[in-house]
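In case you want the letters, here they are:
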Amino acid sequence: MKFLDFLHDNIVYLDGGMGTVLQSRGLMPGELPERWNLTHADEITQVHKEYFDAGSNVVCSNTFGANSLKFTDTELEAIIEAALDNARAARNASVSDAEKFIALDIGPTGKLLRPLGDLDFEDAVTVFAKTVKLGVKYGADLIVIETMNDSYETKAALLAAKENSSLPVIVTNAYGEDGKLMTGASPAAMVALCEGMGADAVGTNCSLGPKQLRGVVNELLANASVPVVLKPNAGLPRSVDGKTVFDVSPDEFADEIAKLVHDGVRVVGGCCGTTPEYIRALKAATDSIVAVTVTDKALTVVSSYTHAVSFGERPILIGERINPTGKKRFKQALIENDMDYILNEGVSQQEKGVHILDVNVGIPDIDEVSFLKNAVCELQAVTDLPLQIDTSDSDAMEAALRRYNGKAMINSVNGKQESLEKIFPLVKKYGGVVVALTLDESGIPEDADGRVRIAKKILDAAQKYGIAKKDIIFDTLAMTVSADANAASTTLFALKRIKEELGCHTSLGVSNVSFGLPSRDAINGIFFALALENGLSAAIMNPYSADMMKTYYSYNALKGLDPNCAEYISASASFVPAAPSSPSQQLPQAGSEISIRSNSELQKMIIKGFKDKAYDVTNGLLKSREPLDIVKEEIIPALNTVGEGFEKKTVYLPQLLMSAESAKSAFEAIKQFMAAIGNTDKTGTSKGTFIIATVKGDIHDRGKNIVKLLLENYGFDVVDLGKDTPCETIVETAVKLHAPIVGLSALMTTTVPAMEETIKQLKAAAPWCKTIVGGAVLTKDYADKIGADMYAKDAMETVRYAEMILNGKGEK
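Residues numbered from 1 in each chain as written. Predicted model: local features only at pLDDT ≥ 70, side-chain atom pairs only at ≥ 80, totals over all residues. Heavy atoms only, no water.

### Thoughts on the packing of aromatic side chains
Applying the stated criterion across every chain, the model contains seven aromatic pairs. With a centroid separation of 5.8 Å and an interplanar angle of 45°, the aromatic rings of Phe-6 and Phe-101 are classed as tilted. Here Phe-6, found in helix H1 (residues 3–9), pairs with Phe-101, found in strand S3 (residues 101–106); they are 95 residues apart in sequence, far enough to count as distant. For the residue pair Phe-6 and Phe-101, the accessibility class agrees, reading buried in each case. Joined through ring pairs, the aromatic side chains of Phe-3, Phe-6 and Phe-101 make up one cluster. It is Arg-497 that lies over the ring of Phe-493; its NZ or CZ is 5.8 Å from the centre. (Phe/Tyr/Trp six-rings, centres within 6.5 Å; stacked < 30°, edge-to-face > 60°. Helix = DSSP H or I, 4+ residues; strand = E, 2+ residues; numbered from the N terminus. Buried < 20%, exposed > 50% of the residue type's maximum accessible area, 1.4 Å probe, protein only. Lys NZ or Arg CZ within 6 Å of the ring centre and 35° of its normal.)

### Thoughts on the pairing of strand S14 (residues 356–359)
Burial along S14 is two-sided: the face carrying Ile-356 and Asp-358 and the face carrying Leu-357 and Val-359 are both buried. Note that strand S13 (residues 316–322) and S14 share three bridges and pair parallel. Looking across to S14, one finds that Ile-318 is bridged to Ile-356. Note that S14 and strand S15 (residues 387–390) share three bridges and pair parallel. Bridge pairing in S15 places Leu-357 opposite Leu-387. For the crossover that starts at S14, traverses helix H14 (residues 368–382) and ends in the parallel S15, the hand is right-handed. (Pairing = 2+ DSSP bridges. Right-handed = clockwise from strand over helix to strand, strands pointing away.)

### Quick notes on the sheet that holds strand S24 (residues 717–720)
Reading across the sheet, the five strands line up as S24-S23-S25-S26-S27 and stay open at both edges, with parallel pairing between neighbours. This sheet does not close on itself; its edge strands, each paired only once, are S24 and strand S27 (790–791). Of the pairings in the sheet, the one linking strand S25 (residues 741–745) to strand S26 (residues 770–774) comprises five bridges and is parallel in character. When the sheet's bridge partners are listed, Leu-744 is paired in S26 with Val-773. Of the strands in this sheet, strand S23 (689–694), S24 and S25 touch helix H27 (residues 727–737), which is tilted by about 175° from S23. (Contact = heavy atoms within 4.5 Å. Axes fitted to C-alpha atoms, helices over the stretch in contact; angles between N-to-C directions.)

### Some points on the nonpolar core
Counting residues in hydrophobic clusters, the biggest one holds 214 residues, and the most contacted among them are Ile-145, Phe-424 and Ile-635. In contact with Ile-635, not counting residues within four places along its chain, are Leu-602, Ile-606, Ile-630, Ala-663, Ala-666, Phe-667 and Ile-670. (Core = buried A, V, L, I, M, F, W, Y, C linked by side-chain atoms within 4.5 Å.)

### As for the packing of helix H26 (residues 702–713) against helix H30 (residues 795–806)
Contact geometry of H26 with H30 gives a least axis separation of 9 Å together with a crossing angle of 45°. Between H26 and H30, the crossing angle belongs to the class labelled oblique. Crossing handedness for the pair H26 and H30: right-handed. For the pair H26 and H30, contact is made by Ile-706, Val-707, Leu-710 and Leu-711 and by Ala-795, Met-796, Thr-798, Val-799 and Ala-802, respectively. For the contact of H26 with H30, a count of residues per class yields eight nonpolar, one polar and no charged. (Parallel < 35°, antiparallel > 145°, perpendicular 65-115°, else oblique. Left-handed = near helix turned anticlockwise from the far one by under 90°. Nonpolar A, V, L, I, M, F, W, Y, C, P; charged D, E, K, R; others polar.)

Shown next, in the form of structure tokens:
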């Protein structure tokens, strides 16, 4: 039986935590478990067999960390070949009569992708592609992409799987206690991304126990039209007599998951701490439950790297200002490659309340393929709004979609055969909600019947490409009433029919209706209201138009979409007709839940993550202010504003890191100024030395690098010893520098013993030195048990602790 056929009708049982079991079988601290496929093949085979015998339908090959960043190409191939051979041997030897499949297991690279880190997206795709190709070559039945805590890396892995195999793909992400990924994505956003790209099942694994993941699972079930996967840890880890144990028993584990299987979870298993006994208990607790049928939720959804935007609940505003049509200054910005102008337009429209940003950079004088791709990447570095990628160039569309972090809105396709053949394959491959224009080779029909007919034609074509109706939004084309008195009514009638007869969502470029007329906002506002009453789902509009915004907030209030009229009351003070004449000179006012109205220009640039602007503004300030004053009165307060937002969960990691990068640019301007006047000291800003390292055996350094960046921006001298660092090296460096603090990072349960040994040696050789630890597998209790002085759940806690220890005075 093929895996997808089995998945369709059954509850599927995965295996448990390979790393935990291997530790109990002698895997040494720092030893790479993937090499056991070659050196301890019998042990690996036995572990797989025990999971099969316990009831697993799918075992994951021992290849979680098998990638070309960790192993040479030759060793990587040998490891994957042996891993799949070991799993097959286990399947053949198993006494279970259940259906059995073997999954190629793919975990994260351990690196952050640009712009947050140094790994390019395409390089990440290449890394994952090598592993996928070998998995296909040596006979995997399916692919499991797991423990991803970054949506962008998830996309890279899923894209590599889809481009290099035809195997079924399961994707599971590691969510934190706040129900978000490390880089901010909600479960709904990950469903949109993964389901849009063709994942066969989506879900969550690792990080927490089954009870703590209930909220995440409920959100997945509410949004997913594919089977939902749950593979939690055996609770939280702690150290007992030098060994890692977990606080949820097999029976407790099974009982909690059984409740969620009743709710609709279809694929279950375990992660850290879950031995074959857990799978056996899980199978027994759920064996009599009838699999809940997976239903299509029929949700029309786009997403960014943080959140999903759903059509139909209330009107969606799409900001139209990133578009050169009729905008001389914007065209000039494109020609001059003035990206700051474009970024300011994006941020300003977000502050005005739009939900999605339209991005169009199409003019004859530029390389649109390159510019559109770069614009999308740069915009996603400063705003978390979903983007509508707007171009008639299919090559530019693909370049932008490939790099987009989320499920984009695609503008557009139409009824012409050429358009259908170019755009629909891109929608199918990369996912997206596509705007469909009701025109074809004969032009734009003059009546509603003709536009509805084209809409039906587009739906029929979409079905042939495997694109669901829910992922198509129709634009019935607002034409100017100055040229045709019936233009508005025809557009509205077609819109209403498509909404009611075809059950599809709709979008309009509202301002087109008033072209050639004076006082255009008055016409636009009324037309917008009429369109909303006729079922308009989304409007491409100017958020600086007071008439448009009045209509939007008034409509919501009158339709019961604004409880207590709260949004209307809040927005009413801004109902003044004041469109900015030069958005590039308008500073951001607020964003991502951070109020920055009272901040200085430099603080605003740092808070919003405008690196180049931060550098330029700092240079301007240096003409009249002392460097140290700029650091103390501008840079550090801005970082504190963002840091406090991060701690309150109103700001997410990408925003925190981009702000830190902007502060780094400001510091660079100060350093260059000091060097130019012959002063090479650090302006008295050093708070002390902080040694940081990822422990022996662990090559995952993304968390360490995040902490390093923030510490440096807060004035600490960071000595980075890198990844896979022997404890002796850490201790020797601490003694040599008489360092007051050492920070240790570990992602994998198999490397925590190396962390414990490092702390032990530090306490013996450098008793003055404080240790602070962090990583996905750690808890405060666990950190206490291994002797750490402090457990930090995120980078800002590390900064706060370091400031408390050193009190801002450096070392004594």
